[in-house]
Amino acid sequence: MEKAEVIPQDKKKKHHHVWLFIYLIFFGVLFFLIYTSFFNPDLARGLTGRVVGFDKEEVVNGVSMDAELGLGVIDVGSYMDKLSFRLDQDASFLVGEGNIKLSKRDSVVIDGFNGKFLVDGMKISNFEGSADRIFIDGLPIEGIDGGIELWSEGFSYSFLEMEGVYLDSLSYPTSGRININDDKVVVRLNEEGFELNKFKGNVDISRGLVRMDGLVDRSNVKGLVEGDFEERE
C-alpha cells in the first residue's frame, strides 16, 4: 500500500496566496470597468488616451479689464466655451480615431474645448484636448458628438479667438494699452514686462495683436499700475 503524499505547510500557504492574489486582480479590474462605464467614463479616457481635462475656473475677486497688446507666448491650459481659428497653412488633425487634413484659410470652430496648447506668435503647438462639437467652414463633423478627442503637432493661423477662457498666468514683454475698471486706470506699455494671474474672459488674436476683455484678479491691479499710468476720474 502506497503512502499518501504529504504536502508541506509552506507550499499550501504559497498556493493559497497565489489564488488570493489572482482574485484580488480580477475583482479590481471588474470594479474599474463598472466604475468607468457607469459613473466616471472620463477616467478611462484620461488613463488610456491623450485627453487632458481642466475644470471651469472662475475669477471670484476680480475687476474688469480690456487690453490691446503685442503678441508673445501664451500657454493655454483651460476649459473654454468656444475656440475658433482660421488656418494660415495646410494642417493635419487627429479627430477621434481618424485623421483630418485641412487647407489654408479653412476655419475651425470648437464648442466646449477642454485642453491645452501653446501660442507662440502666429503659431500653435502641442495642441490636444477634447470637444463637444466641431465645425469645419461652418459644417459640423458628422457621426461623432461629445467628448471628441483632438490632437495636432502644430499649425499656423491668421485668426484665433477664445471665448470664456481662463488663463492662470500670462507674462511677456510687450507694448500696448490696458484699461482697468471701466477706464478708471489706463496703463500704457512700451516694450515693458507685462504679467498677470487669473484672467477669465475673451481673447482674440489677429495681425500680431492680442485683444483681451474680461475679469482679472484684483490682486494683480497694484502690480499692473506701478509703472506709468493715467488715472481718470
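Everything here concerns the structure above.
Residues numbered from 1 in each chain as written. Predicted model: local features only at pLDDT ≥ 70, side-chain atom pairs only at ≥ 80, totals over all residues. Heavy atoms only, no water.

Visitor: I tried to follow the overall build of the chain on my own but got confused; where do I start?
Guide: From N to C terminus, the chain includes three helices and 12 strands. A burial count over the chain gives 35% of its 233 residues as buried. Pairs at least 24 apart in sequence give 69% of the contacts found in the chain among residues at least 6 apart. (Helix = DSSP H or I, 4+ residues; strand = E, 2+ residues; numbered from the N terminus. Buried < 20%, exposed > 50% of the residue type's maximum accessible area, 1.4 Å probe, protein only. Contact = heavy atoms within 4.5 Å.)

Visitor: I would appreciate a short explanation of the pattern of salt bridges in the present structure.
Guide: Overall, the coordinates contain six salt bridges when judged by the stated rule. Two residues, aspartate 66 and arginine 177, come together in a salt bridge whose shortest N-O distance is 3.0 Å. A residue pair is termed long-range when its members are at least 10 positions apart, and aspartate 66 in strand E1 (residues 62–70) and arginine 177 in strand E9 (residues 148–180) qualify at 111 residues. Glutamate 68 is the partner of arginine 211 in a salt bridge, and the nearest nitrogen-oxygen pair spans 3.3 Å. Residue arginine 211 is found in strand E11 (residues 209–217), and its partner glutamate 68 is found in strand E1; the two are separated by 143 residues along the sequence. (Salt bridge = Lys/Arg side-chain N within 4 Å of Asp/Glu carboxyl O.)

Visitor: Please clarify how the packing of aromatic side chains should be interpreted in this entry.
Guide: Pairs of aromatic rings are described using the distance from one ring centre to the other and the angle between the two planes. Applying the stated criterion to the full structure yields 10 aromatic pairs. Judged by centre distance (6.2 Å) and plane angle (25°), the rings of phenylalanine 85 and phenylalanine 93 are stacked. Exposure remark for phenylalanine 93: the relative accessible area of 6% places this residue in the buried category. Ring centres of phenylalanine 113 and phenylalanine 127 lie 5.3 Å apart, and the angle between their planes is 25°; on these two criteria the pair is classed as stacked. Residue phenylalanine 113 is located in strand E5 (residues 107–120), and its partner phenylalanine 127 is located in strand E6 (residues 123–131); the two are separated by 14 residues in the primary sequence. For the pair phenylalanine 113 and phenylalanine 127, one class covers both residues: buried. Members of the aromatic cluster, connected to one another through ring pairs, are Phe85, Phe93, Phe113, Phe117, Phe127 and Phe155. (Phe/Tyr/Trp six-rings, centres within 6.5 Å; stacked < 30°, edge-to-face > 60°.)

Visitor: Just checking my understanding: could you explain the environment of proline 140 for this structure?
Guide: Looking at the secondary structure, you find proline 140 in strand E8 (residues 139–140). Other than its neighbours up to four places away in sequence, proline 140 contacts Ile134 and Phe135.

Visitor: Just checking my understanding: could you explain unusual backbone geometry for this structure?
Guide: With the exception of glycine, the majority of residues adopt a negative phi angle, and the majority of peptide bonds are in the trans configuration. At asparagine 126, a position not held by glycine, the phi torsion is positive, near 50°. By the element assignment, asparagine 126 lies in strand E6. Classification of asparagine 126 by relative accessible area gives exposed; the value is 52%. With phi around 60°, lysine 198 is a residue other than glycine that occupies positive phi space. Position of lysine 198 among the secondary structure elements: in strand E10 (residues 185–206).

Visitor: What exactly am I supposed to notice about the pairing of E11 here?
Guide: On a regular strand, one side chain projects to one face of the sheet and the next to the other, so that they alternate. Of the strand pairs in this sheet, E1 and E11 are connected by nine bridges, and their pairing is antiparallel. Along E11, the bridge assignment pairs glycine 70 with leucine 209. Where E10 lies against E11, eight bridges are found, and the strand directions are antiparallel. Bridging from a neighbouring strand, phenylalanine 199 pairs with valine 216 of E11. Two successive antiparallel strands, E10 and E11, enclose a turn made up of two residues, where arginine 207 displays a positive phi of approximately 50°. (Pairing = 2+ DSSP bridges.)

Visitor: Got a minute to help me understand the environment of aspartate 111 in this structure?
Guide: Along the chain, aspartate 111 turns up in strand E5. In this structure aspartate 111 touches Asp81, Lys82, Ala131, Asp132, Arg133 and Phe135, once residues within four positions along its chain are discounted.

Visitor: Help me understand the pairing of E5 in this model?
Guide: Burial within E5 is extensive, with 10 of its 14 residues counted as buried. As judged from the 13 bridges shared by strand E2 (residues 73–87) and E5, these two strands associate in the antiparallel manner. By the bridge assignment, arginine 86 is partnered in E5 with serine 107. Direction of pairing for E5 relative to strand E7 (residues 133–136): antiparallel, over a ladder of four bridges.

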